[in-house]
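Spelled out, the chains give:
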Amino acid sequence: TPAPAAAPPAAPTPAPESAPVPEPEATIAAPTAEPSGADADANEKNRLEWFNYSIATKDVKMAKELFVSAEEQAMVEQLEADMSGTDAREAPTVPAVPATEEEMEEARGSWLKFHIAAGDYEAAMEMAVTADDYVAISDAEELKRKAWLDWAMSNETPTEAYNFAVTDGEYAAISALESKLKSAPAGSGEVDDDETQEKARLAWMDYHLSVNEFKQAAKYAVTAAEEETIEKASNLYQEKSRQAWMQHYMEKGEYELAKNLCVTDAELEQLATLQEEGRKEWVAYSTAAGDTSAARDFAVSEEEEAAIDVKEAEMAAEAKKTGFEAALSSSDFAKATTLAAGDVAMLTAIEEKQDEDRKTWMSYYIDVGKFKDAHKLSVTEEEETFIKEAEKSAPEQARKDWHKYYIDTGDFKKAAGLAVTDEEVQAVADAAAATKKAKIEELKAKGDYKGAKMIADEVEREGIQLAEEMAMEKKRKEWMSYYTSIADYPNAIKMAVTPAEVAEVDAAFETKRSEHMKSLLAKQDYAAAKKFATTPEEISMCDVYEEEDQELARKEWQRFYIEEGNFKEAFALCVDDSEELMVESAKTAFYSKCREEWLKHYTLKGDYNKALELVVSLEEQTALEAAMEKRRVEHFEYYLKKGKKKEAKKLAVTDAEVAKCA
């Protein structure tokens, strides 16, 4: 019987809706507060979620650390009182099942996504455990940074844009925007600025309201009506959150936690109805499952108690029936009689089983020749007569049984001693002949022709001799083929007895010799190949192969040493002036390329002294000086923009640059 749906589950894991980070409209001005100021509201939302979670999981210690209002303090005190002792009859519950690793991981993933969506990256980092988690957080931070940078650039606010720039390209774009704004003609009036700022204020206030960041929205309120609107929205959000958590606890069977959140009579009545439905389901479930003790813990009415009594009576009757059948099956008549007390049908079954066992034992004693014991178990004249007839015919039947047994086991001498009729004598002779024939065939199959001849008569020996000769001939041919296949010429030729077989072996070995020599040449095993060469042409072919291979190997090694820059070994393998010239040319090109690569490396790194040591031409020196000057100017401008005038002054070389650092 499946458990009812109202069975209390593990402690619930909050799954709040994500708070998306908006991309500000490009047509409004930035608010006076920085965009990152929303963190305070996000932290408050996070605190509320964790506070509600600690109440749900009855974590008093966490709840004490998180409460801030008098109402929340009262909830913590109520939780402490509930934890000190509750009346199980008032609100029957079943111990919650501990959360599994899969459920804990699912909850962690939900919180991670929530914190990322809300922009609370510090809290998200606390939830991260895998490389993918950290990458997701980093990507979200980068997207948010770029969104704010784009917003600041589109609204032409360089000061704000600098807060979000991290790359040289972004700093360059902001610098270009500053130059553009400085060169723009004057004429925008104060009225336009005020209108723009007011639009921005209202836009930001509406945004924070839309994502339930009420404290942040209140910072942008300037009228009593706006403050009242924000307060109403905050109260409505808190009320919806209370109702959502209350419904969550009701659905999960956490009635005590739901009760803490009820404020109206209707909600308390709804809770009481759900509790009663859950109680009834558990009574029905426990009763159907046979757990009458648990069912009585939940029962409150006489009807429910009566139903449990009926179930217990049914279970007792079923247990009695099962025990009786087991005792009767094992012939435990004492136990079966105790269980059958007063039950006519059961007592009758016991009598039938006892009579069945009596007849079984009586038949057994007759079969094994214990007629005295069989007589003790007979109760009718028919049974007594049957036993006497069996006792009278027992010696003759025993003779026949032993006669058959000796034939079956191959003891024909004893079988013949018990034969008294012509049929029995013939049966012994036929069985002996069949056994002998089968043994001969068995020995022949094993190749034991000598053993087969020992038990055979003269005619049978001739057939055995012929079979032996045929088998030997077959084996000779098989060995000849085998030695030929493995190139064992001496043994193969020993197995050949006819001119045709000798010619066949010679032809096969000549083909194999030639093929084997060629395969050794292909493997570059020239010494071994020469051992199989029998003509001057074949010996010459082996020499040519060896010389060509050595020349090819020399050139391959020379090429390898050149590619690796090991010119000493490459020169050692040269055989003429043209090869020495080729290696010298490769050496010059190699070192020239290395110099150019290191020159490029030190230039990019900014190591002027090491780069200068590698310069060999006026063009390279001019290019190096230009690159270093460009690097100095870029770093000088970067430090000025970041307000690091001390570092910028170290790079100043002109009076104008020194003046900028003042």
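Conventions we followed
- Residues numbered from 1 in each chain as written.
- Predicted model: local features only at pLDDT ≥ 70, side-chain atom pairs only at ≥ 80, totals over all residues.
- Heavy atoms only, no water.
- Helix = DSSP H or I, 4+ residues; strand = E, 2+ residues; numbered from the N terminus.
- Buried < 20%, exposed > 50% of the residue type's maximum accessible area, 1.4 Å probe, protein only.
- Contact = heavy atoms within 4.5 Å.
- Areas by Shrake-Rupley, 256 points an atom, 1.4 Å probe, with all protein chains shown as cover.
- Phe/Tyr/Trp six-rings, centres within 6.5 Å; stacked < 30°, edge-to-face > 60°.
- Axes fitted to C-alpha atoms, helices over the stretch in contact; angles between N-to-C directions.
- Parallel < 35°, antiparallel > 145°, perpendicular 65-115°, else oblique.
- Left-handed = near helix turned anticlockwise from the far one by under 90°.
- Nonpolar A, V, L, I, M, F, W, Y, C, P; charged D, E, K, R; others polar.
- Core = buried A, V, L, I, M, F, W, Y, C linked by side-chain atoms within 4.5 Å.
- Patch = residues over 30% accessible without salt bridge, like charges linked within 9 Å, V, L, I, M, F, W, Y side chains within 5 Å.
- Salt bridge = Lys/Arg side-chain N within 4 Å of Asp/Glu carboxyl O.
- Lys, Arg positive; Asp, Glu negative; His and termini not counted.
- Charge placed at Lys NZ, Arg CZ, Asp CG, Glu CD.
- Expected span 1.5 Å × (residues − 1).
- Polar contact = N/O pair within 3.5 Å; in protein donor to acceptor, adjacent residues only side chain to side chain.

## Focus on the overall build of the protein
Okay, step 1: Scanning the protein from N- to C-terminus turns up 34 helices and 0 strands.
Okay, step 2: With 662 residues in all, the protein has 31% of them scored as buried.
Okay, step 3: Summarising the internal contacts of the protein: among those between residues at least 6 apart in sequence, 37% fall at separations of at least 24.
Okay, step 4: Per element, the accessible surface of the protein, about 42500 Å² overall, is 55% carbon and sulfur.

## Quick look at the packing of aromatic side chains
Okay, step 1: The final tally for this structure, using the stated rule, is 29 aromatic pairs.
Okay, step 2: Here the aromatic rings of Y171 and Y638 are separated by 5.8 Å at their centres, their planes lie at 80°, and the arrangement is edge-to-face. Remark: Y638 occurs in helix α32 (residues 618–641) and Y171 occurs in helix α8 (residues 168–183); sequence separation between them is 467 residues.
Okay, step 3: You can call Y638 partly exposed: its relative accessible area is 30%.
Okay, step 4: Here a set of aromatic residues connected by ring pairs shows up, and it is made of W148, W151, F164, W204 and Y207.

## Brief notes about the environment of A74
Okay, step 1: Relative to the assigned elements, A74 resides in helix α3 (residues 70–84).
Okay, step 2: Sequence separation between A74 and N260 is 186 residues, and the spatial gap between their C-alpha atoms is 9.9 Å.

## As for the packing of helix α13 (residues 265–288) against helix α15 (residues 302–329)
Okay, step 1: Here α13 crosses α15 at 15°, and the two axes come no closer than 10 Å. Between α13 and α15, the interaxial angle falls into the category roughly parallel. Classified by chirality, the crossing of α15 by α13 is right-handed. Note on element contacts: α15 touches α13 through E304, A307, I308 and K311, opposite R279, K280, V283, T287 and A288.
Okay, step 2: For the contact of α13 with α15, the per-class residue count stands at 4 nonpolar, 1 polar and 4 charged.

## Observations regarding the packing of helix α4 (residues 101–118) against helix α6 (residues 131–154)
Okay, step 1: Contact geometry for α4 and α6: axes closest at 10 Å, N-to-C directions at 15°. When the axes of α4 and α6 are compared, the pair comes out roughly parallel. Once α4 is placed against α6, the crossing between them reads as right-handed. In contact with R108, L112 and I116 of α4, α6 contributes D133, A136, I137 and A140.
Okay, step 2: Of the residues contributing to the contact of α4 with α6, the split by class is 5 nonpolar, no polar and 2 charged.

## Things to note about the nonpolar core
Within soluble globular proteins, side chains that are nonpolar tend to cluster in buried spots.
Okay, step 1: Core analysis: the biggest nonpolar cluster contains 20 residues, and I174, M205 and I230 have the highest contact counts within it.
Okay, step 2: Elements with a minimum of two residues in this core: α6, α7 (158–162), α8, α9 (190–210) and α10 (214–218).
Okay, step 3: Counting 18 residues, the second-largest nonpolar core is a separate cluster that includes I55, W245, M250 and A258.

## So, a negative patch on the surface
Okay, step 1: The grouping of E101, E102, E103 and E106 at the surface amounts to a negative patch.
Okay, step 2: Tracing the backbone through its elements, the reader meets E102 in helix α4.
Okay, step 3: For E102, a relative accessible area of 60% puts it in the exposed group.

## Points about α8
Okay, step 1: With 16 residues, α8 extends 23 Å from end C-alpha to end C-alpha; this agrees with the ideal 22 Å at 1.5 Å per step.
Okay, step 2: If you follow the buried residues of α8, they end up packed against α6, α7 and α32.

## Regarding the environment of D457
Okay, step 1: As for its position among the elements, D457 is in the loop between α23 (449–455) and α24 (458–485).
Okay, step 2: Accessibility expressed as a relative area gives 34% for D457, which makes it partly exposed.
Okay, step 3: A distance of 2.8 Å separates the side chain of D457 from the backbone nitrogen of E460, its partner in a polar contact.

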